[in-house]
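Fold and contact review
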Amino acid sequence: ESGKYAKATELARAIVDTRATLVGKDSPSLIEPLRIMGAALSELRAWQDADAVLNRALAISSETLGKTHPTTALVLDRYGWLQLSQGMSSKAAEVLERSLGILKRTVGETAETAEVMDNFGTAVTMNGAPERGERLKVRSLVVRQAVVGPASKEVGVSLSNLAWLCNRSGRPEEVIPLRKR
């Protein structure tokens, strides 16, 4: 979260290696560090490495916890974001919609659900449905305000992402007030 993606990758890799040695290469204890490593590699634009790491996390999570487990949904979110980062918005939307559905059914509207909803709104917007994308982003903002509070970093992220959508949709007059808030 601090933007130190190379360090995060290094630390997550060390955790994965240690845990794999201690508890096995398919242990559910590997899922979260693999997810973190995949997310960091995505931010570093190491697409192939990120894809391999996130697919490993997804395989472990799906096999050990189940395809509809919230942890699997969170890995899917990072995989969807990877697709979005590479300009594959259709595939991203499909993956993120699946992730969002799992989270809504299993844990309801949480901060994590709101993040996936926001990401899905980005993918939907990039696929040419900005009205639907805006509804998803506004709902994400409402959930984040309710769950983590109106002055939280997460609400700031939602506002910034909504400003991005307004700008993309040709409504620049709405951008500055959202960014200021």
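Each value, and the rule that gives it
- By convention here, each chain's residues receive numbers from 1 onward along its written sequence.
- Confidence filtering applies because this is a predicted model: local features only for residues at pLDDT of at least 70, side-chain atom pairs given and counted only at 80 or more, and all residues used for totals across whole chains, interfaces and linings.
- Water and hydrogen atoms were dropped before computing side-chain values, which therefore reflect all heavy atoms in the structure.
- Only buried Ala, Val, Leu, Ile, Met, Phe, Trp, Tyr and Cys residues count toward a nonpolar core, and they belong to the same one when joined by side-chain atoms within 4.5 Å.
- Accessible area is worked out with a 1.4 Å probe on protein chains only. A residue is then buried under 20% of its type maximum, exposed over 50%, and partly exposed in between.
- Only runs of H or I of at least four residues qualify as helices and only runs of E of at least two qualify as strands under DSSP, and these elements are numbered from the N terminus.
- One number per residue, pLDDT, summarises how confident the predictor is, and it ranges from 0 to 100.
- Expected helix span is taken as 1.5 Å per residue step, with the number of steps being one fewer than the number of residues.
- Residues are treated as being in contact if the distance between any of their heavy atoms lies within 4.5 Å.
- Every angle, taken between N-to-C directions, lies between 0 and 180 degrees, and every axis is a line fitted to C-alpha atoms, over only the stretch in contact when it is a helix.
- Here is the rule for angles: anything less than 35 degrees is roughly parallel, anything more than 145 is roughly antiparallel, 65 through 115 is roughly perpendicular, and the remaining ranges are oblique.
- Take the far helix as your reference; a near helix turned counterclockwise from it by less than a right angle gives a left-handed crossing, and one turned clockwise gives a right-handed crossing.
- Just so you know the grouping, Ala, Val, Leu, Ile, Met, Phe, Trp, Tyr, Cys and Pro go in nonpolar, Asp, Glu, Lys and Arg go in charged, and all remaining residues, Gly too, go in polar.
- For this analysis, a salt bridge means a side-chain nitrogen from Lys or Arg found within 4 Å of a carboxyl oxygen belonging to Asp or Glu.
- Identification of polar contacts relies on pairs of N or O atoms within 3.5 Å, with a donor-acceptor requirement for protein atoms, meaning one able to donate a hydrogen and the other able to accept it, and with residues adjacent in sequence counted only if both atoms are side-chain atoms.

A look at the nonpolar core
Counting 32 residues, the largest nonpolar core has Leu34, Met37, Leu96, Leu100, Phe120, Ala123 and Leu136 as its most contacted members. Put simply, the parts of the chain that give this core at least two residues each are helix 1 (5–23), helix 2 (31–43), helix 3 (47–64), helix 4 (70–85), helix 5 (89–106) and helix 6 (111–126). The element contributing the most residues to this core is helix 5, with seven residues. If you look at the next biggest cluster of nonpolar residues, it comprises eight residues, including Leu141, Ala163, Cys166 and Val175.

Focus on the confidence of the model for the protein chain
Considering every residue of the protein chain, the mean pLDDT works out to 95; 100% of them sit at 70 or more. In the model of the protein chain, helix 9 (residues 175–180) stands out as the element of lowest mean pLDDT, 89, in contrast to helix 5, which has the highest, 98.

Regarding helix 7 (residues 130–148)
Between the first and last C-alpha of helix 7 there are 26 Å, a value that for 19 residues agrees with the 27 Å anticipated at 1.5 Å per step. Along helix 7, the residues that are buried comprise Gly133, Leu136, Lys137, Ser140, Leu141, Val143 and Arg144. Looking at the buried side of helix 7, the elements it contacts are helix 5, helix 6 and helix 8 (153–168). Note on helix 7: the residue one or two positions beyond its end, Gly149, has a positive phi of about 100 degrees.

Describing the packing of helix 2 against helix 4
Between helix 2 and helix 4, whose axes approach to 9 Å, the crossing angle comes to 15 degrees. The pairing of helix 2 with helix 4 is recorded here as roughly parallel in orientation. Like other packed secondary-structure pairs, helix 2 and helix 4 cross with a definite hand, here left-handed. Of helix 4, the residues touching helix 2 (which contributes Ile31, Arg35, Ala39, Ser42 and Glu43) are Thr71, Leu74, Val75, Arg78, Trp81 and Leu82. Of the residues assigned to the contact of helix 2 with helix 4, the class counts are six nonpolar, two polar and three charged.

Thoughts on the pattern of salt bridges
Scanning all chains against the criterion turns up 11 salt bridges. A salt bridge links Asp26 to Lys25, with the nearest nitrogen and oxygen atoms 3.4 Å apart. Relative accessible area serves as the criterion here: at 56%, Lys25 is assigned to the exposed category. Across the pair Arg171 and Glu174 runs a salt bridge, and its minimum N-O distance is 2.7 Å. When its relative accessible area of 30% is taken as the criterion, Glu174 is described as partly exposed.

Some remarks on the side chain of Ser152
The residue Ser152 is located in the loop between helix 7 and helix 8 in this model. Ser152 sits in the buried class, given a relative accessible area of 15%. Among the polar contacts listed, one links the side chain of Ser152 to the backbone oxygen of Gly149, at a separation of 3.0 Å.

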